[in-house]
Structure formats: structure tokens, C-alpha cells
Amino acid sequence: QQPDPQVLQLLVAALAAEDVRCSEHAGVQLQLLSVVTNMLLWMPDNACKACAQQLYLTLLQLHGTFSAQQEAEGPPAAAAAAAVDDSSSASRAAVALQQLAQRCGLAGSGQLAEAHAQQMLGQLTADADSWSAGSANLRGFMSLIRTAEGPCLAALLPQIAQVRC
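One numbering rule holds for all chains: residues counted from 1, following each sequence as written. In keeping with the model being predicted, local features are shown solely for residues with a pLDDT of at least 70 and side-chain atom pairs are shown and tallied solely at 80 or more, while totals for entire chains, interfaces and linings include all residues. Hydrogens and waters are ignored; side-chain quantities use all the structure's heavy atoms.

A. Quick peek at the packing of helix 5 (residues 52-72) against helix 8 (residues 109-125). The angle between two axes is taken between their N-to-C directions and runs from 0 to 180 degrees, where each axis is a line fitted to C-alpha atoms and a helix contributes only its stretch in contact. The numbering of helices and of strands both runs from the N terminus, where a helix is a DSSP run of H or I of at least 4 residues and a strand a run of E of at least 2. The interhelical angle for the contact between helix 5 and helix 8, taken along N-to-C directions, is 75°, at an axis separation of 10 Å. Taken together, the axis directions place helix 5 and helix 8 in an arrangement best described as roughly perpendicular. Contacts between helix 5 and helix 8 involve A52, Q53, Y56, L57, L60 and Q61 on the former and, on the latter, L112, A113, H116, Q119, M120, Q123 and L124. Per-class residue counts for the contact of helix 5 with helix 8 are eight nonpolar, five polar and no charged. Small angles under 35 degrees read as roughly parallel and large ones over 145 as roughly antiparallel, with 65 to 115 read as roughly perpendicular and the rest as oblique. Here a residue-residue contact requires only that any non-hydrogen atoms of the pair lie within 4.5 Å. Note that Gly is not counted as nonpolar here; it falls among the polar residues with everything else outside the nonpolar set of Ala, Val, Leu, Ile, Met, Phe, Trp, Tyr, Cys and Pro and the charged set of Asp, Glu, Lys and Arg.

B. Representation of the side chain of S135 in the model. Inspection of the secondary structure puts S135 in the loop between helix 8 and helix 9 (136-147). What qualifies as a polar contact is a pair of N or O atoms within 3.5 Å, subject to a donor-acceptor requirement within protein and to the restriction that residues adjacent in sequence count only when both atoms come from side chains. A polar contact is formed between the side chain of S135 and the backbone nitrogen of S132, at a distance of 2.7 Å.

C. Fine view of the environment of L62. As for its position among the elements, L62 is in helix 5. Type-normalised accessible area, obtained with a 1.4 Å probe on protein chains alone, sets the label of each residue: buried when under 20%, exposed when over 50%, and partly exposed for intermediate values. Since its relative accessible area comes to 1%, L62 is described here as buried. Residues L62 and R21, spaced 41 residues apart in sequence, show a C-alpha to C-alpha distance of 7.7 Å. The residues touching L62, leaving out its near neighbours within four places in the chain, are Q29, L32, L33 and A93.

D. Region of interest: helix 8. When the terminal C-alpha atoms of helix 8 are compared, their 20 Å separation across 17 residues is substantially less than the 24 Å that a helix rising 1.5 Å per residue should span. The angle between axes fitted to the seven residues ending at a residue and the seven residues starting there is what we call the bend at that residue. Helix geometry: helix 8 is bent most strongly at H116, by close to 70°. Taken residue by residue, helix 8 has S109, G110, L112, A113, H116, A117, M120, L121, L124 and T125 as its buried positions. Buried residues belonging to helix 8 abut helix 5, helix 7 (89-103), helix 9 and helix 10 (150-161). Helix span is expected to be 1.5 Å times the residue number reduced by one.

E. Representation of the nonpolar core in the model. Here, nonpolar core means buried Ala, Val, Leu, Ile, Met, Phe, Trp, Tyr and Cys residues that are tied together by side-chain atoms lying within 4.5 Å of each other. In this structure, M43, Y56 and L144 are the most contacted members of the largest nonpolar core, which totals 43 residues. Of all the elements in the fold, those that place two or more residues in this core are helix 1 (5-15), helix 3 (26-42), helix 4 (45-50), helix 5, helix 7, helix 8, helix 9 and helix 10. For this core, the leading source of residues is helix 5, giving eight residues. Residue contacts for L144: discarding those within four places in its chain leaves Y56, L60, A113, A117, M120, L121 and L124.

F. Examining the pattern of salt bridges more closely. The rule for a salt bridge is simple: a side-chain nitrogen of Lys or Arg has to be within 4 Å of a carboxyl oxygen of Asp or Glu. Using the criterion set out here, one finds two salt bridges in the structure. The partner of R103 in a salt bridge is D45, with the nearest N and O atoms 2.5 Å apart. Separated by 58 residues along the polypeptide, R103 in helix 7 and D45 in helix 4 bring together distant segments of the chain. The class for D45 is partly exposed, based on a relative accessible area of 41%. In this structure, E71 engages R146 in a salt bridge whose closest nitrogen and oxygen atoms are separated by 2.7 Å. Highlighted residues: E71 in helix 5 and R146 in helix 9, separated in sequence by 75 residues.

G. Quick peek at the packing of aromatic side chains. Two rings belonging to Phe, Tyr or Trp (six-membered ring only in the last case) form a pair when the distance between their centres is within 6.5 Å. Interplanar angles under 30 degrees mark stacking, angles over 60 mark edge-to-face geometry, and anything in between is tilted. Going through the model one piece at a time under the given rule, you end up with one aromatic pair. Ring geometry for W131 against F141: centres 5.4 Å apart, planes inclined by 45°, an arrangement best described as tilted. One end of the pair, W131, is in the loop between helix 8 and helix 9; the other, F141, is in helix 9, with 10 residues separating them in the sequence. Here W131 and F141 have matching classes, each one buried.

H. Highlighting the state of the cysteines. Two cysteine sulfur atoms form a disulfide, by the criterion used here, when they sit within 2.5 Å. For the structure on display, the rule yields zero disulfides. In this structure C51 is not part of a disulfide, and its nearest cysteine sulfur, from C48, lies 7.6 Å away. Just so you know, C152 is unpaired, no disulfide at all, and the nearest cysteine sulfur is the one on C104, 15 Å from it. Using a relative accessible area of 7% as the deciding quantity, one classes C152 as buried.

See below:
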């Protein structure tokens, strides 16, 4: 039996709500990544496409948060962890971004960025003047910059240059 598309949209909206996706609690972040990853495996393609922007925003912020945490551990610890275990939270978030892209009929996260970069950039930078090092939107912004491909970044440079934090 196919899940009800309206129920799926409500579930995605709840997961993408600011108080959930921007939570600073590590347990909430890990559970959110697990839920979104499982939803990507379970949802029909048309439902993924319909909710792509909300899922993308959530995954960008999670990817940015986990990448920042990994960087804070330092290059030697991060490199050793990556060499031993590719199931780090940052890696899992990157895989989920790839899965979302594929479910939307795109080749990868670079094309996903190209499809949604303009909307994401505006949404992520709306509160740039109040960003702190741990801001979910700052981390999502950094993830967008990391995952977008060259032509997409080139197109975004005028708006990126105007971001004041």
C-alpha cells in the first residue's frame, strides 16, 4: 500500500520545521538524519520530488553541522575516523543528499544544488546578521557552498558576496 501523499507532506513539514531541523541537540540531529534517510528509502519518487526543497534544506543543515563537528575534532582525528569508518554522520548526510538527488531524477548532489540553490541561498542567509559559529543556517550555507558544483557557485557568487555575517 502506498503512503498517503498528504500525510508524507505533513511529516516532512514537521521534520523541516525550524525548531526541529535547527535543534542543537546532538541526539535530535542524529535521529533527524535517521528519519530522513529512512523516508528517502520508503517514499515514492513523486513524493520525494514534491518535498525535495524541504528535505534538501534539512539535509544541508545536517550535513553542515556534522561536517563542522568533524572538522572541530581536527584533521588527524577526522582522517583516521574516515579511513576506518565511512559511516560518520557527515558521510551519512552526504549519502542522503545523493539519495535525494537520485530520487528526484538528478545525477547527484551537485545537480540538486543547481536545482534549488537560489531558493536555499535566500532562505539560509535571511538571518546572516545574527549567525554565530553554531547557527544551523550558517552550517547549511557552508554545506551548500561545499556541495554545489562550479557553474552553480559561479552563478551564486553575486549573492554570496553580499552575505554579511
